Amino acid sequence: MHTQESFEAKAKTPLMLRALRGEALERPPVWLMRQAGRYMAEYRALKEKYSFLELCRSPELAVEVSMQPMNAFDMDASIIFADILLPFTPLGLEIDFNPGPQVANKINSPSDIEKLKYIGVAESCSFVGEAISSLKNELSSSFEQTKTLIGFAGAPWTLACYMIDQGPLKNFAGTQVFAARHPEVMLSLLDRLAAVIEEYLLMQIEAGADTVQLFDTWAGLLPIDDYRKFALPATKRIVETVQKAGKPIILYVNSASHLTEAMLETGANCLSLDSCTNLGRVIKQSEGKVALQGNFEATNLFKEPSTVKLEVEAALRSFPRNNGYIFNLGHGVLQRTPTESVKTLVETVKGSKSFWNDKNSLESL
Ligand code: CP3
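(A) Molecular detail of the nonpolar core. The biggest cluster of nonpolar side chains holds 132 residues, and the ones touching the most others in it are Trp157, Met186, Tyr227, Phe327 and Leu345. Ranked by residue count, the leading element in this core is helix 11 (residues 183-207), at twelve residues. Once residues lying within four places of it in the same chain are set aside, the contact partners of Leu345 are Val30, Leu32, Phe296, Leu301, Val308, Val312, Phe327 and Leu329.

Encoded structure:
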């Protein structure tokens, strides 16, 4: 039975969506990239029975995995359990995980791009939409407080990195070489990927995602001019499409401290920053116009729980305003991270009301 109070509590916009709008809050919302996964015993137990792709492709199992960290740590937001490579299937590329991604028919030359197929996302990735609708119901029946449901996709540059044969080159330099040799072909591939990702994200929004995060993990390897030439136009197109659908979008790029100016040009509602990026500098640079997410160092979670608590508090104190901030890591939760530390992190952020409230404005910087 619902009381009047619980209805009111549920009707309230969740903290995460308010932070994305830049509202002043009593404490920042908290969730973690890769919050579901191998550091949790519950996940490892399921992996005994199912492969990673089976977990992703079964809506029932994907919901179960997405709920594991929510039930254990009670984050403010739940990210659907999936992978950035799933939308390779509509393009006719075969994927597998071991545990890293393996793509069977990679692109070696411009003519390989013409061989890419196109099967609609709705047919080939419908399980992601089904999992989102069912996660939405599960979240609202399991928690009194309204949780935010995050959908996600890989950004075109990062997807191209997994598509183009790297040969002997490390760190996706093969993708940069391909772009250097065939810039027009690369731009048209990125545009094509952007169209697939738009369709994929709109499907997730239609199914109930409250916001979406675009992972451009490897775009941080590009110098800013190349980022502007290749990664930015495809990203901007996706940002506009998501915003037209009425939802905020978060952009994550790893190792991207040299790119924040260009990341701001994408028009994303929120930038998710890696741990090497100076948060204070980005706050100044963005003039408070976008929300920021991040950027606690993931390896800090291997310290003693009491140290974790102190460091999370220090990170919260260092954010100079009480609006537009979402607490997260600078990259995903690492394998073997002690669950106790994740618990401490979430509890510390949730308990930060007392000092979070007397935050100053930008002028104090
Ligand atoms: O955040 C979440 O809890 C949702 C799940 C999620 C996964 N992958 C599950 C996963 C998300 C958001 C991703 C995104 C993703 N996938 C990115 C961007 C984010 C980032 O970390 O930079 C990238 C680059 C990929 C590609 C990918 N998938 C890699 C590099 C790997 C291997 C990484 C590893 O930890 O070994 C995967 C496999 C993968 N994706 C696993 C999980 C839980 C491990 C698979 C397993 O359990 O066997």
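(B) Spatial organisation of the pattern of salt bridges. Summed over the entire model, instances satisfying the criterion amount to 16 salt bridges. Residue Asp112 is joined to Lys115 by a salt bridge in which the shortest nitrogen-to-oxygen separation is 2.9 Å. For Asp112, a relative accessible area of 14% translates into the label buried. Note that Glu261 is salt-bridged to Arg228, the shortest N-O span being 3.1 Å.

(C) Structural context of the environment of Ala77. Its location among the elements puts Ala77 in strand 1 (residues 77-79). Ala77 sits 39 residues away from Arg38 along the chain, and the two C-alpha atoms are 19 Å apart. When near neighbours in sequence (up to four residues on either side) are disregarded, Ala77 contacts Met16, Val30, Trp31, Gln35, Met70, Thr148 and Ile150.

(D) Here's a closer look at helix 11. With 25 residues, helix 11 should cover 36 Å at 1.5 Å per step; its first-to-last C-alpha distance of 36 Å lies within 8% of that length. Positioned one or two residues after helix 11, Gly208 has a phi angle of 130°, which is positive.

(E) Quick look at helix 9 (residues 156-163). Of all eight residues making up helix 9, eight are buried, and the element is well covered by its neighbours. Of the positions making up helix 9, those classed as buried are Pro156, Trp157, Thr158, Leu159, Ala160, Cys161, Tyr162 and Met163.

(F) Main features of the pairing of strand 7 (residues 270-273). Neither face of strand 7 is exposed, since Cys270 and Ser272 on one face and Leu271 and Leu273 on the opposite face are all buried. Pairing geometry for strand 6 (residues 249-252) and strand 7, over three bridges, is parallel. The partner of Leu251 across the bridge, within strand 7, is Leu271. Two elements, strand 7 and strand 8 (residues 291-296), share four bridges in a ladder whose sense is parallel. Paired with Leu271 across the bridge in strand 8 is Leu292. What joins strand 7 to strand 8 is helix 14 (residues 279-286), and the crossover it makes is right-handed.

(G) Local environment of the packing of helix 8 (residues 126-142) against helix 11. Helix 11 packs onto helix 8 with a crossing angle of 25° between their chain directions and a minimal axis gap of 8 Å. Regarding the angle of helix 8 to helix 11, the classification is roughly parallel. For the element pair helix 8 and helix 11, the recorded crossing hand is right-handed. Contacts between helix 8 and helix 11 involve Ser126, Val128, Gly129, Ile132 and Ser133 from the first element and Tyr200, Met203, Gln204 and Ala207 from the second. Residue composition of the contact of helix 8 with helix 11, by class: five nonpolar, four polar and no charged.

(H) Examining the sheet that holds strand 5 (residues 211-215) more closely. Read from one edge of the open sheet, seven strands run 1-4-5-6-7-8-9, paired in parallel fashion. Every other strand in the sheet has two partners, leaving strand 1 and strand 9 (325-329) as the edge strands with one partner each. On average, each strand axis in the sheet is inclined to that of its neighbour by 25°, with strand direction left out of account. Direction of pairing for strand 8 relative to strand 9: parallel, over a ladder of five bridges. Within strand 9, the position partnered with Gly294 by the bridge is Phe327. In the packing of helix 12 (residues 224-244) onto the sheet, contacts are made with strand 5 and strand 6, and the angle to strand 6 comes to roughly 160°.

(I) Structural view of the side chain of Ser124. With respect to the helices and strands, the residue Ser124 is situated in helix 7 (residues 121-124). Here Gly120 takes part through its backbone oxygen, which lies 3.0 Å from a polar atom of the side chain of Ser124. Those residues in contact with Ser124, other than ones at most four positions away along the chain, are Pro90 and Ile119.

(J) How the structure looks around the side chain of Thr337. Within the secondary structure, Thr337 sits in the loop between strand 9 and helix 16 (339-350). Taking the relative accessible area as the measure of exposure, Thr337 reaches 2% and is therefore buried. Once residues within four sequence positions are removed from consideration, Thr337 is found in contact with Tyr39, Leu301, Phe302 and Val342.

(K) Region of interest: the site of the ligand. Neighbouring residues of the ligand: 23 residues in total, closest Arg34, Arg38, Tyr43, Lys47 and Asp83. Taking Arg38, its side chain carries an N or O atom lying 2.3 Å from an oxygen atom of the ligand. In this structure, a nitrogen atom belonging to the ligand sits 2.8 Å away from a side-chain N or O atom of Asp83. Burial of the ligand by the surrounding chains reaches 89%, relative to a free accessible area of 880 Å². Tallied by class, residues from the shell around the ligand come to 15 nonpolar, four polar and four charged.

Definitions and cut-offs
Residues numbered from 1 in each chain as written. Predicted model: local features only at pLDDT ≥ 70, side-chain atom pairs only at ≥ 80, totals over all residues. Heavy atoms only, no water. Core = buried A, V, L, I, M, F, W, Y, C linked by side-chain atoms within 4.5 Å. Buried < 20%, exposed > 50% of the residue type's maximum accessible area, 1.4 Å probe, protein only. Helix = DSSP H or I, 4+ residues; strand = E, 2+ residues; numbered from the N terminus. Contact = heavy atoms within 4.5 Å. Salt bridge = Lys/Arg side-chain N within 4 Å of Asp/Glu carboxyl O. Expected span 1.5 Å × (residues − 1). Pairing = 2+ DSSP bridges. Right-handed = clockwise from strand over helix to strand, strands pointing away. Axes fitted to C-alpha atoms, helices over the stretch in contact; angles between N-to-C directions. Parallel < 35°, antiparallel > 145°, perpendicular 65-115°, else oblique. Left-handed = near helix turned anticlockwise from the far one by under 90°. Nonpolar A, V, L, I, M, F, W, Y, C, P; charged D, E, K, R; others polar. Polar contact = N/O pair within 3.5 Å; in protein donor to acceptor, adjacent residues only side chain to side chain. Near = heavy atom within 4 Å. Areas by Shrake-Rupley, 256 points an atom, 1.4 Å probe, with all protein chains shown as cover.

Fair warning: the whole summary comes from geometry, so function is off the table for now.
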